[in-house]
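# Understanding the architecture of this molecule
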Amino acid sequence: MTVIAVAGGSGGVGKTLVERLVQEPKFKVIVLSRQSTQESAFPEIPVVQINYDDVQSIAKTLDTHNVHTIISAIGLISDETSKSQLNLIDAAELSATTKRFIPSEFSFIQTADLIPIDPSIQYWLDAADRLQKSSLKYTRVIPGYFMDYWGMPHVQTNLQPYTFGINIAKREAAIPGDGNDVICMTYTHDMATYVIKALDLDEWPEFSVIVGDEVTYNQILSMAQEITGAKFKVTYDSIEQINTGDVTVPPSLDDTSDDSIEELKEVTALCSRLIVNGVFQFPKENRLNARFPEVRPITMRELLEKCWKGR
Ligand SMILES: NC(=O)c1ccc[n+]([C@@H]2O[C@H](COP(=O)([O-])OP(=O)(O)OC[C@H]3O[C@@H](n4cnc5c(N)ncnc54)[C@H](OP(=O)(O)O)[C@@H]3O)[C@@H](O)[C@H]2O)c1
């Protein structure tokens, strides 16, 4: 049985991958975690503690568990988390059993020219560079924005609640630019289905692009208004506002969140900059969807109808 290790397998994206992997009898799944006491969502899945600062010991652990493929779902938010992932790649390279690595990315196609827009892109590029120089097979999974955000709080998801652009429950929208930028997006559970399918491929492309749907904010707004039967309060932020960071923050989903308005503005401005620069509009060619036509990912309209009809 092929052993798949999910690093950060109890986080938002990692848990979703583990939930999907356990349905595949041909794989044995383990979760790699910094903690030994981490409660697994599945009692049958071992949670293996690793020290991300100790490459040699991680390599030994990978060999002990006969790990063939690592899927990293580490939340890459700091130098520390990036270093953890780089050490995990080094350990995988050192291990006798590990042959493949999916780095934590799960977003848009990150390239060096986008660093002025989002400096944290360097974390993803460093991982890709390390993988490219290794003997490991790797692929960077690119599902776009996770569609889950516009179904919260009613959608089944492991992601942390967050409002991007439109708060459907509160009938309010703060849209970047003219609202016509195309955003490729995928529901997390569909992304996991494609990743599991890709595990069967002999060769991996550098980018495994997955597109559940491609919609603009104006289209999401129009569908949300139609499905709820409500007229939303809508603000459009100009490119100048986005560039100076003076953006409109949509109402939060989580009223108990202790994020400061400055933090919320920073995240909103960053996502707005990415959207108006078209980073979520993916090429039509070489999508993983075409490799697996039997998978029918949920569309935005279907997700909105499921979550918001009658609400
Ligand atoms: N496209 C989108 O819309 C979208 C949305 C959300 C996330 N993402 C991407 O998906 C990936 C995972 O994000 P997430 O939100 O699921 O992450 P998360 O829940 O914040 O964190 C996942 C796991 O990372 C591990 N971790 C945290 N700090 C670490 C450290 N210093 N060293 C090693 N491991 C550490 C933790 O596992 P342990 O405590 O068990 O070690 C944690 O459970 C990221 O690359 C993120 O950018 C994309």
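Basis of the calculations
- Residues numbered from 1 in each chain as written.
- Predicted model: local features only at pLDDT ≥ 70, side-chain atom pairs only at ≥ 80, totals over all residues.
- Heavy atoms only, no water.
- Helix = DSSP H or I, 4+ residues; strand = E, 2+ residues; numbered from the N terminus.
- Rg over C-alpha atoms; globule rule 2.2 N^0.38 Å.
- Buried < 20%, exposed > 50% of the residue type's maximum accessible area, 1.4 Å probe, protein only.
- Contact = heavy atoms within 4.5 Å.
- Areas by Shrake-Rupley, 256 points an atom, 1.4 Å probe, with all protein chains shown as cover.
- Lys, Arg positive; Asp, Glu negative; His and termini not counted.
- Charge placed at Lys NZ, Arg CZ, Asp CG, Glu CD.
- Core = buried A, V, L, I, M, F, W, Y, C linked by side-chain atoms within 4.5 Å.
- Domains from an automatic or database assignment.
- Arc of directions from axis to C-beta.
- Axes fitted to C-alpha atoms, helices over the stretch in contact; angles between N-to-C directions.
- Parallel < 35°, antiparallel > 145°, perpendicular 65-115°, else oblique.
- Left-handed = near helix turned anticlockwise from the far one by under 90°.
- Buried area = accessible area lost by both parts, 1.4 Å probe.
- Salt bridge = Lys/Arg side-chain N within 4 Å of Asp/Glu carboxyl O.
- Patch = residues over 30% accessible without salt bridge, like charges linked within 9 Å, V, L, I, M, F, W, Y side chains within 5 Å.

## Topic: the overall build of the protein
Secondary structure assignment for the protein yields ten helices and 14 strands. Relative to the compact-globule value of 19 Å for 311 residues, the protein shows a C-alpha radius of gyration of 20 Å, a close match. Taken over 311 residues, the protein has a buried fraction of 53%. Relative to all contacts within the protein whose residues are 6 or more apart in sequence, the contacts with residues 24 or more apart total 76%. Summed over all atoms, the accessible surface of the protein reaches about 14200 Å², with 48% contributed by carbon and sulfur. Across the protein, 28 positive and 42 negative side-chain charges occur, with their mean positions spaced 6 Å apart.

## Points about the nonpolar core
Counting 75 residues, the largest nonpolar core has Phe106, Tyr145 and Trp150 as its most contacted members. Two domains each put at least three residues into this core: domain 1 (2–138) and domain 2 (146–185 + 213–282 + 294–308). Dropping the residues within four chain positions of it, Tyr145 is found in contact with Trp150, Phe164, Ile183, Cys184, Met185, Thr186, Cys271, Ile275 and Phe280. Judged by nonpolar contacts, the second largest core, of 27 residues, contains Ala7, Ile30, Tyr52 and Ile70.

## Things to note about unusual backbone geometry
Following Met152, the chain continues to Pro153 via a peptide bond in cis, the omega torsion being 10°. Structurally, the position occupied by Pro153 is in the loop between strand E8 (145–146) and strand E9 (166–167). Positive phi is not limited to glycine here, since Asn66 has a value of about 55°. Mapped onto the secondary structure, Asn66 falls in the loop between helix H2 (55–64) and strand E4 (67–72).

## Structural notes on helix H10 (residues 300–308)
Taken together, the buried positions of H10 are Met300, Leu303, Leu304, Cys307 and Trp308. With its buried residues spanning 100° around the axis, H10 presents them on a single face. Looking at the buried residues of H10, the elements they touch are strand E11 (183–186), strand E13 (213–215) and helix H6 (217–228). Of the residues trailing H10, Gly310 is marked for its positive phi of about 80°.

## Quick notes on the packing of helix H1 (residues 12–21) against helix H5 (residues 188–198)
At a minimum axis separation of 9 Å, H1 and H5 run at an interaxial angle of 55°. Considering the angle they form, H1 stands oblique to H5. When you trace H1 past H5, the crossing you get is right-handed. Residues Val13, Thr16, Leu17, Glu19, Arg20 and Leu21 of H1 lie in contact with H5, whose contacting residues are Thr188, His189, Met191, Ala192, Thr193, Val195 and Ile196.

## Quick word on the domain arrangement of the protein
In terms of domain boundaries, the protein breaks down into domain 1 (2–138) and domain 2 (146–185 + 213–282 + 294–308). Just the C-alpha atoms count here: the centres of domain 1 and domain 2 sit 28 Å apart. Between domain 1 and domain 2 lies a buried interface of about 950 Å² when both sides are counted; carbon and sulfur atoms form 70% of it. For domain 1, the biggest contributors to the area lost against domain 2 are Gly12, Phe108 and Ile117; these three give 50% of the whole. Here domain 1 and domain 2 share zero salt bridges between them.

## So, a negative patch on the surface
Taken together, the side chains of Asp258, Asp259, Glu262, Glu263 and Glu266 make up a negatively charged region of the molecular surface. Residue placement: Asp259 occurs in the loop between helix H7 (239–244) and helix H8 (261–276). Judged by relative accessible area, Asp259 falls into the partly exposed class, the value being 36%.

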